[in-house]
Amino acid sequence: MSLKSSATFRYTGMRLGIFAGCFLVMWALVYFRVVPAGLGASNLFWVVLLALIVSAPLSFVLLRKQREAMAVQVAERVDRAKERLAASQSQEDASSAESSAPAESTAPAASPASAQDGSRAGA
C-alpha cells in the first residue's frame, strides 16, 4: 500500500475522531442536563443522533483538504481502471479481429434484405 492510498484512511480516521469527540461532548451535555435526555432507554440513541448531527457539518468544514485529497486519489484510481479496461478491450478486439478476418473472407455475406425477410417469416 502506497502513501497515496492512506488519504482515504486518514480522512475516515479523522471523521471518526470528530464523531467520537462530538459524542463525548453530547454525552456530557446530556449528563449535566444542558441538553434534554432521551425518553426511557433511548438515551444512548439520542446522544448518538445528536453527535451525528453536530459532527457532519464540522467534518464538512474541517476536513475539506483531506476530502479533496481523497477525491483526487479516487479519481486517479478510476482513470487507471478505465485505461486498463480500454487497453484490455483494444487487445481483445485486435485478437478477435485477427482470428475472425480469414473466416469473414470465406463466409458468404448475407444481404440485409434477406435477413429482414427471415425475421418477418418467424413473426
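Refer to the preceding data block for the structure.
Rules behind the numbers
Residues numbered from 1 in each chain as written. Predicted model: local features only at pLDDT ≥ 70, side-chain atom pairs only at ≥ 80, totals over all residues. Heavy atoms only, no water. Helix = DSSP H or I, 4+ residues; strand = E, 2+ residues; numbered from the N terminus. Buried < 20%, exposed > 50% of the residue type's maximum accessible area, 1.4 Å probe, protein only. Contact = heavy atoms within 4.5 Å. Core = buried A, V, L, I, M, F, W, Y, C linked by side-chain atoms within 4.5 Å. Expected span 1.5 Å × (residues − 1). Patch = residues over 30% accessible without salt bridge, like charges linked within 9 Å, V, L, I, M, F, W, Y side chains within 5 Å. Areas by Shrake-Rupley, 256 points an atom, 1.4 Å probe, with all protein chains shown as cover. Salt bridge = Lys/Arg side-chain N within 4 Å of Asp/Glu carboxyl O. Phe/Tyr/Trp six-rings, centres within 6.5 Å; stacked < 30°, edge-to-face > 60°. Axes fitted to C-alpha atoms, helices over the stretch in contact; angles between N-to-C directions. Parallel < 35°, antiparallel > 145°, perpendicular 65-115°, else oblique. Left-handed = near helix turned anticlockwise from the far one by under 90°. Nonpolar A, V, L, I, M, F, W, Y, C, P; charged D, E, K, R; others polar.

Trainee: Provide a residue-level description of the environment of Pro-36, including the pertinent values.
Mentor: Here Pro-36 lies in the loop between α1 (6–31) and α2 (43–62). Given the relative accessible area of 56%, Pro-36 is considered exposed. Sequence separation between Pro-36 and Trp-46 is 10 residues, and the spatial gap between their C-alpha atoms is 9.3 Å. Beyond its immediate chain neighbours, meaning those up to four positions away, Pro-36 contacts Val-30 and Trp-46.

Trainee: Break down the nonpolar core for me, with residues and values.
Mentor: Core analysis: the largest hydrophobic core is formed by 11 residues, namely Tyr-11, Ile-18, Cys-22, Met-26, Val-30, Val-35, Val-47, Leu-50, Ala-51, Leu-63 and Met-70. The set of elements that each furnish at least two residues to this core consists of α1 and α2. If one sorts the elements of this core by residue count, α1 sits on top with 5 residues. Those residues in contact with Val-30 that sit more than four places away from it in its chain are Val-35, Pro-36, Ala-37, Asn-43, Trp-46, Val-47 and Leu-50.

Trainee: Describe α1, with residues and values.
Mentor: The terminal C-alpha atoms of α1, which comprises 26 residues, lie 37 Å apart, in line with the 38 Å expected from a rise of 1.5 Å per residue. Regarding α1, the residues found buried are Ala-7, Tyr-11, Ile-18, Cys-22, Met-26 and Val-30.

Trainee: Please give an account of a nonpolar patch on the surface that cites residues and values.
Mentor: Together, Phe-45, Leu-49, Ile-53, Val-54, Leu-58, Phe-60, Val-61 and Leu-62 line one region of the surface with nonpolar side chains, adding up to about 760 Å² of accessible area. Among the structural elements, Val-54 can be located in helix α2.

Trainee: So what about the packing of aromatic side chains? Which residues, and what values?
Mentor: As enumerated under the stated definition, the model contains 3 aromatic pairs in all. Ring centres 5.4 Å apart and planes at 20° place the aromatic pair Trp-27 and Tyr-31 in the stacked group. One end of the pair is Trp-27 and the other is Tyr-31, both in helix α1 and 4 residues apart, which spans about a single turn. The class for Tyr-31 is exposed, based on a relative accessible area of 55%. Ring centres 5.1 Å apart and planes at 80° place the aromatic pair Tyr-31 and Phe-32 in the edge-to-face group. The residues Tyr-31 and Phe-32 share a single accessibility class, namely exposed. Pairwise contacts between aromatic rings join Trp-27, Tyr-31 and Phe-32 into one cluster.

Trainee: Can you tell me about the packing of α1 against α2, naming the residues and giving the values?
Mentor: The interhelical angle for the contact between α1 and α2, taken along N-to-C directions, is 135°, at an axis separation of 8 Å. Relative to α2, the element α1 lies oblique. As α1 runs across α2, the sense of the crossing is right-handed. Residue composition of the contact of α1 with α2, grouped by class: 18 nonpolar, 3 polar and 1 charged.

Trainee: Give a description of the environment of Leu-29 that names residues and reports values.
Mentor: By the secondary structure assignment, Leu-29 is in helix α1. Judged by relative accessible area, which is 27%, Leu-29 ranks as partly exposed. Sequence separation of Leu-29 and Val-47 is 18 residues, and the distance between their C-alpha atoms is 9.3 Å. The contacts of Leu-29, once residues within four sequence positions are left out, are Val-34 and Val-35.

Geometry only, nothing functional implied.
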